[in-house]
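Each chain, letter by letter, is given below.
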Amino acid sequence: MLDIVMHWPLRLQADASRVVVRPFHLPIDAKKGQKSRPRRIVEGVLDMSEEHANRELHVVLKDFEARHWQTRSVFRTRYAQMALALDLDDDSISDIKQQLIGAFFCNEYSYAAAAIMNPSIVRHPDQSGLSEGSSRIIMSVRTVGEGHISSIAFREGILSPGTRFELAPEPPFATAADSAKEIGNGAIEVHRHRDSTLSGTVIFPITSAQSKGLEDLRLVEFTHDDGSVEWLGTYTAYNGESIRSEMIRTTDFRSFTLAPLSGPAARNKGMALFPRKIGGQYVMVGRQDGENLFLIHSDRLDHWGEGELLMAPRYPWEMVQIGNCGSPIEVDEGWLLLTHGVGAMRKYSIGIVLLDKDDPSKLIKRLPVPLVSPADEDREGYVPNVVYTCGAIRHGELLFVPYAVADSSVGFAFIPIRELIDAMV
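Now for a description of the structure that goes with this document. These numbers come from a predicted model, not from an experiment.

## Overview of the overall build of the protein
Part 1: A tally of regular secondary structure across the protein gives five helices and 28 strands.
Part 2: Relative to the compact-globule value of 22 Å for 425 residues, the protein shows a C-alpha radius of gyration of 23 Å, a close match.
Part 3: Scored against the burial criterion, the 425 residues of the protein give a buried share of 54%.
Part 4: Sequence-distant contacts in the protein: of pairs separated by 6 or more residues, those separated by 24 or more amount to 59%.
Part 5: Looking at the protein as shown, the accessible area adds up to about 18,900 Å², and 48% of this sits on carbon and sulfur atoms.
Part 6: For the protein, the centre of its 45 positive side-chain charges and the centre of its 56 negative side-chain charges are spaced 3 Å apart.

Spelled out as structure tokens, the structure:
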């Protein structure tokens, strides 16, 4: 590991106390000759007297209202969904009973109880009010909760001149992005509540293809040909049996579109988009054969075909396989591409290469040793001997790298870019 890497003392850990309210789903359709369970539950509430329903709702609120944000509003929203599914008559059902019905179809979920890992980082859309040399950032993290289901959470922070970094405090309540609607071709749109903060927002799996996890988001600030900026990110959708690559798109981190990618390359994990077109085409880095890195070109953001071999394992610490660790970062000398390598004992380390700016299929230089590697104090965890990142950011003359440790926590490092490039061969 290079001795020029400066590790920031902050470490983010899994936290079972971070909870959100999620929909609790039960089959709407009943077996032949039987009443469905949702119908039976609703009828049970409707049969209660108003006083009885009010007492039951009070018990629920006593247990959960102080643990969640706008709990009553969440219950009302969930009731509206069930009313639509069961064709309920809103006018004949009191607000108390509507809230209680909604509560029966919700559950509390600890979204980061098992692990927090695989961060990526981009500049925040709002850079106002900062001192010179400072930058507001958004970091995404993969959080893992009950059932090993992965979701996407966000944290905001500020990078100050030099090696100074501060994360905004998490709000007391986390909220799930909701108001999901289908917009065609397998894509959905979700929204962050207008009164919520991004640092407390979680995006959960919604579609059947995502049902077991949204994994390893690689965010990038993308500049289109017309100069407009959009934040894009590839991630892996997992349903318990198969995977596919999908893309999240947003211009404000309030409204998000999640859509599947098509083409041969989309059947694989770990795709990372360059932050602008090169030679008139969109360009990705990805691993198509499980061992090597490929460069993929496309005329469309949503379709990716076969790529060309970019690099193969060369050094012992990456002999088993290599992959990317986020979108390439543009510097004067070319494109810095963070990689990961797997060596003996399935030890994951982070490496880096320099690609030609005009023709990124040309590998100019390569770091012969790991940039960051598991050390004695940070090798234990859910998956030991793994360090991994899904994206870094340039901060002046430094590279700022958030990285996961043992699929359990997140650490941070600053690396001088000039000294880093000089160390490559």
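Moving on, there is more to tell.
## Examining the side chain of S110
Part 1: Here S110 is to be found in strand β3 (residues 106–110).
Part 2: Here the side chain of S110 touches A16 through a polar contact of 2.8 Å, landing on its backbone oxygen.

## Some details on the pairing of strand β10 (residues 187–191)
Part 1: Here β10 lies mainly inside the structure; four of its five residues are buried.
Part 2: Here four bridges tie strand β9 (residues 178–184) to β10, and the two strands are oriented antiparallel to one another. Note that in β10 the partner of D178 across the bridge is H191.
Part 3: Of the pairings in the sheet, the one linking β10 to strand β15 (residues 255–260) comprises four bridges and is antiparallel in character. Looking at β15, one finds that H191 is bridged to S255.

## Structural notes on a negative patch on the surface
Part 1: Negative charge collects at one region of the surface, where D87, D89, D90 and D91 lie side by side.
Part 2: Structurally, D90 can be placed in the loop between α3 (71–86) and α4 (95–104).

## As for the packing of α3 against α4
Part 1: At a minimum axis distance of 7 Å, the contact between α3 and α4 shows a crossing angle of 85 degrees. It follows from the interaxial angle that α3 and α4 lie roughly perpendicular. Contacts from R72, F75, R76, R78 and Y79 in α3 reach D95, Q98, Q99, I101, G102 and A103 in α4.
Part 2: Residues of the contact of α3 with α4, tallied by class, amount to four nonpolar, three polar and four charged.

## Digging into the nonpolar core
Part 1: In this structure, L336, L371, L399 and L420 are the most contacted members of the largest nonpolar core, which totals 32 residues.
Part 2: Every element with two or more residues in this core is listed here: β21 (329–331), β22 (334–342), β23 (348–355), β25 (387–388), β27 (398–405), β28 (409–416) and α5 (417–422).

## Quick look at the layout of surface pockets
Part 1: Taken as a whole, the largest pocket encloses approximately 1,300 Å³ of empty space.
Part 2: Surrounding the largest pocket, 42 residues form its lining, R22, P23, H25, Q81 and D178 being those nearest its centre.
Part 3: Put simply, the parts of the chain that give the lining of the largest pocket at least two residues each are β2 (19–23), α3, β3, β8 (175–176) and β9.
Part 4: Among the elements that take part in the lining of the largest pocket, α3 stands out by supplying eight residues, more than any other.

## Concerning helix α2 (residues 50–64)
Part 1: Taking 1.5 Å of rise per residue, the 15 residues of α2 would be expected to cover 21 Å, and the 21 Å separating its terminal C-alpha atoms lies within 8% of that figure.
Part 2: Those residues of α2 lying buried are A53, L57, V60 and L61. Taken end-on, α2 shows its buried residues confined to a sector of 95 degrees, consistent with a single buried face. Exposed side chains of α2 directed beyond 90 degrees from the buried face belong to E51, H58 and K62.

Cut-off values and rules
Residues numbered from 1 in each chain as written. Predicted model: local features only at pLDDT ≥ 70, side-chain atom pairs only at ≥ 80, totals over all residues. Heavy atoms only, no water. Helix = DSSP H or I, 4+ residues; strand = E, 2+ residues; numbered from the N terminus. Rg over C-alpha atoms; globule rule 2.2 N^0.38 Å. Buried < 20%, exposed > 50% of the residue type's maximum accessible area, 1.4 Å probe, protein only. Contact = heavy atoms within 4.5 Å. Areas by Shrake-Rupley, 256 points an atom, 1.4 Å probe, with all protein chains shown as cover. Lys, Arg positive; Asp, Glu negative; His and termini not counted. Charge placed at Lys NZ, Arg CZ, Asp CG, Glu CD. Polar contact = N/O pair within 3.5 Å; in protein donor to acceptor, adjacent residues only side chain to side chain. Pairing = 2+ DSSP bridges. Patch = residues over 30% accessible without salt bridge, like charges linked within 9 Å, V, L, I, M, F, W, Y side chains within 5 Å. Salt bridge = Lys/Arg side-chain N within 4 Å of Asp/Glu carboxyl O. Axes fitted to C-alpha atoms, helices over the stretch in contact; angles between N-to-C directions. Parallel < 35°, antiparallel > 145°, perpendicular 65-115°, else oblique. Nonpolar A, V, L, I, M, F, W, Y, C, P; charged D, E, K, R; others polar. Core = buried A, V, L, I, M, F, W, Y, C linked by side-chain atoms within 4.5 Å. 1 Å grid on protein atoms, 1.4 Å probe; cavity = no way out; pocket = protein on both sides within 12 Å on 5 of 7 lines; lining within 4 Å. Points joined across faces, edges and corners; volume = space filled by probe spheres on them. Expected span 1.5 Å × (residues − 1). Arc of directions from axis to C-beta.

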